[in-house]
Structures are given as structure tokens and as C-alpha cells.
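# Geometric and topological summary
Here are the chains, one letter per residue:
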Amino acid sequence: AKVYKYVKEFEGTPKKSDFKVIEEELPELKNGEFLAEATYLSVDPYMRAHPDAVGETMVGTQVAKVIKSKNPKFPVGKLVVGGFGWRSHTISNGDEEAFLGKPYVLPDIGDLSPSLALGVLGMPGNTAYFGLLELGKPKSGETVVVSGAAGAVGSIAGQIAKIKGCNVIGIAGSDAKAKWLVDELGFDHSINYKTQNVHEELSKMAPKGVDCYYDNVGGEISDTVLKHMNVFGRIVACGAISQYNNINTIFGYNQTTIVFSQLTIYGFVVNRWLDRWLEGIVQMAEWVKQGKVKYQETLTDGFDNMVDAFVNMLTGGNVGKAVVKV
Ligand code: NDP
């Protein structure tokens, strides 16, 4: 097996030299075990924010094909979704608990690509689904702002808010992304935060204020959105990618605004809903089949290019979900 070890603590944007690829000799299978070969691997922002300790294998979820098995629940030929980390081959007994629970056989998703189990039909889809609906509770006619809107989570969260009948504004980092949100995904408005003044645009796009803010980025963008929140507004604090590279800069929400606008901020981690995981995936699959939720993937070819794919995603090179295809 080829395995990526995390060997040097990240400083700023991760570098190739922060990783070491090693060859690992895998033992013979014991009863109850199976051998899986990676076909798609996920690169996600949390790997930057919370990697395991230096010296450990890089964390991550992958879709892998069972190529040998002594476990009847994981027969040869099946595709498995597992938190095996950045590895080409893995021996599992199907019982190891990772961040997102135990490995599972990919349910039948028809003609859809198995890679979607890492995106709209997996963790990012469920993050948007549960985070927005359980915490943000958008109501028809309300205004919802989504930051990181063209990414894996944000693109889905905005579309779910549309399904719920909201006025949806997406904030993203390029003209192409902003155009995609409105033209393809049906957002009402979008803002390119790199070239436009977010404050001025929000004044025009949300003249009656913002009721719910699905926040993927934190920092300056969020500080600006907060000024537009209505009294009793809800903030779904999903992520803070603008802060992950500078963990020592404390740049939070403006407390005076929180107090006087009487805002509620919900921090959450999606594994809170592990016991309802399938519910989210079944609903997302239905919306995808009905054409109500569209998705895009940014695929990078080759296990050797994991670091490039990771850095590309962290620096905004992706539209929708960033995935590595082996
Ligand atoms: P994305 O697909 O959104 O990829 C990351 C994106 O972040 C980039 O494409 C880039 O888009 C944007 N970005 C990078 N730097 C900055 C910056 N300084 N300011 C603003 N935007 C920036 O990733 P995911 O959808 O997988 O994750 C989105 C967020 O959700 C992350 O913060 C992540 O940690 C969080 N998350 C939280 C979970 C939870 O359980 N709470 C679960 C999953 C994800 P652009 O071109 O627009 O800048």
C-alpha cells in the first residue's frame, strides 16, 4: 500500500514537504477482514484545520473497491465508503470507527458516479442538509446568505434554501463561480467577494435584511454579513476556511452586533447526525434525480496528486466537490 504520512506541522498553505509517501507491506487477511483498493479519495478543508498528530496517516474518506475478502458483509467487487485515510490499499474488518462512523457498502445509486458518495451523497451533502434544515430552519420568503457558496457544502446548502422557497444570495471567489450559482443552480443573487464590495451588494440584494446566514468561511466576509442580519437572525457556523491557515488570528463575529441584533449562532459538526446519515443521503439522491439539486465535481487524476488537489481546493481552484480519482 502507498500511504501519505503527515510529517511536518502545516504553516500557512500546506506544502508537499509536509507529507511523506511510504510503501507499507500489508499482511495476509485474517477472518473477518477485507482488502479495499481506493478508487476515489476526498480532500476536505477539515484536513487543514484538524489533521491528526504529526507522524500519523493523513485522515480522509474514500470510495474503495473490495478486492479480497474474508468478511461476508463486504464481498469482493463491492464499493465501500470508509474513513481509511490517504492510502491506496486498506485492510479493514468493517468495524473501525472513524470520524464519520464505520465503513459501509455504497448503496445502489443507479447511474450516478460512486464519487458522489464523497460529495452531494455523502458528508458535504449531509452537512448542508442537516446544518441548514435542523439549525438554520429557513422559512419560505426569508433571505438566506451562503458563504463559500460555490464549494461542496455551500452549493448544496443554497439549493436546499431555494427548495424551501427562500431568497438566496451566494458569496464566492470568482466571476465564473458567481455566474454558475445564479445561471445553473438557481440562486437569486451572487457576489464575487474578491472584486465586489460585499456590504454594498448585500444592501441592494437584501434590502429587508438577512434572516439566516450559512457560514463556511468566517473572517471579514462574515463580519460584513452580520451587519445585515435581521433581529433574531440565525447563523449556521459550518466552517471558517478563511481562518484555517492563520489559527492564531482571532477574528470572530462582532459581539455588539450579536447582542443588539439578538442573533443565534449554531456551531456544529456533521457527525452529530450519524444516526440519521442515510435519511440525508436518500433525500439528497431524490432531489438530484428530480433535478432539484445540481452538483459539480472537480476531479484530479492520480493518487500521486493528492497534495496538489488538496492545496487547489484550499485556494479556491475547485467548483463543487474536490475529489481525487485513482
Ligand atoms: P469547498 O468545496 O467550499 O472548498 C473550499 C473553498 O473555500 C474554496 O473553493 C474557496 O472558494 C473557499 N475559500 C478558501 N479560502 C477562502 C477565504 N480566505 N475566504 C473565503 N473563502 C475561501 O469546501 P467544503 O464545501 O468541503 O467545506 C466548506 C466549509 O465547510 C469549510 O469551512 C469546512 O471546514 C466546512 N465543513 C464543516 C463541516 C461541519 O461538520 N461543520 C463538514 C464539512 C465541511 P472561493 O473561490 O469562493 O474562495
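These figures come from a predicted structure and were not determined experimentally.

A few words now on the overall build of the protein. Helix and strand counts for the protein stand at 9 helices and 15 strands. For the protein, the C-alpha atoms occupy an extent of roughly 65 × 45 × 35 Å along the three principal directions. Across the 326 residues of the protein, 43% fall into the buried class. The long-range share in the protein, meaning contacts at least 24 apart out of those at least 6 apart in sequence, stands at 63%.

We now examine helix 9 (residues 306–314). Where helix 9 is concerned, the buried positions are Met 306, Val 307, Ala 309, Phe 310, Met 313 and Leu 314. Seen along its axis, helix 9 keeps its buried residues to an arc of 165 degrees; they face one direction. Residues of helix 9 that are buried sit in contact with strand 1 (2–6), strand 2 (19–23), strand 3 (34–42), helix 1 (46–49), strand 14 (297–301) and strand 15 (321–325). Remark: Gly 316 follows helix 9 within two positions and exhibits a positive phi of approximately 85 degrees.

Let us look at the sheet that holds strand 8 (residues 143–147). The strand order across the open sheet formed by 6 strands is 10-9-8-11-12-13, and the pairing between neighbours is parallel. Here the strands that pair on one side only, and so sit at the sheet edges, are strand 10 (189–192) and strand 13 (264–267). When the angles between neighbouring strand axes are averaged without regard to direction, this sheet yields 15 degrees. The pairing of strand 8 with strand 11 (residues 210–215) spans 3 bridges and is parallel. Considered in strand 11, the bridge of Val 145 is made with Tyr 213. Where helix 2 (residues 123–136) meets the sheet, its contacts fall on strand 11, strand 12 (229–237) and strand 13, and the angle it forms with strand 12 comes to roughly 145 degrees.

Around the ligand there are 30 residues in total, and Gly 151, Gly 173, Gly 239, Ser 242 and Gly 316 lie nearest to it. When residues of the shell around the ligand are traced back to their parent elements, those giving at least two are helix 2 and helix 3 (152–163). Here the shell around the ligand is composed, by residue class, of 17 nonpolar, 11 polar and 2 charged. Split by domain, the residues of the shell around the ligand number at least three in each of domain 1 (2–119 + 297–325) and domain 2 (123–271).

Given a rise of 1.5 Å per residue, 13 residues ought to cover 18 Å, and the 19 Å separating the end C-alpha atoms of helix 8 (residues 277–289) matches this to within 8%. Gly 280, Ile 281, Met 284 and Ala 285 are the residues of helix 8 that are buried. Angularly, the buried residues of helix 8 cover 130 degrees about the axis, an arc narrow enough to put them on a single face. Counted as exposed and oriented over 90 degrees from the buried face of helix 8: Leu 278, Val 282 and Glu 286. Its buried side turned inward, helix 8 meets helix 2. Just past helix 8, the residue Gly 291 takes up positive phi, approximately 75 degrees.

The next thing to look at is the confidence of the model for the protein. For the protein, mean pLDDT is 96; residues scoring 70 or higher make up 98% of the total. Listed scores for the predicted complex are pTM 0.97 and ipTM 0.99.

Turning our eyes to something else, we now look at the environment of Asn 254. In this structure, Asn 254 sits in the loop between strand 12 and helix 7 (255–260). Asn 254 sits 87 residues away from Asn 167 along the chain, and the two C-alpha atoms are 24 Å apart. Not counting chain neighbours up to four residues away, the residues in contact with Asn 254 comprise Asp 223 and Leu 226.

How each quantity is defined
- Residues numbered from 1 in each chain as written.
- Predicted model: local features only at pLDDT ≥ 70, side-chain atom pairs only at ≥ 80, totals over all residues.
- Helix = DSSP H or I, 4+ residues; strand = E, 2+ residues; numbered from the N terminus.
- Buried ≥ 20, exposed ≤ 12 C-beta atoms within 10 Å, placed from the backbone.
- Contact = placed C-beta atoms within 7 Å.
- Arc of directions from axis to C-beta.
- Pairing = 2+ DSSP bridges.
- Axes fitted to C-alpha atoms, helices over the stretch in contact; angles between N-to-C directions.
- Near = placed C-beta within 6 Å.
- Nonpolar A, V, L, I, M, F, W, Y, C, P; charged D, E, K, R; others polar.
- Domains from an automatic or database assignment.
- Expected span 1.5 Å × (residues − 1).
- pLDDT = per-residue confidence, 0-100.

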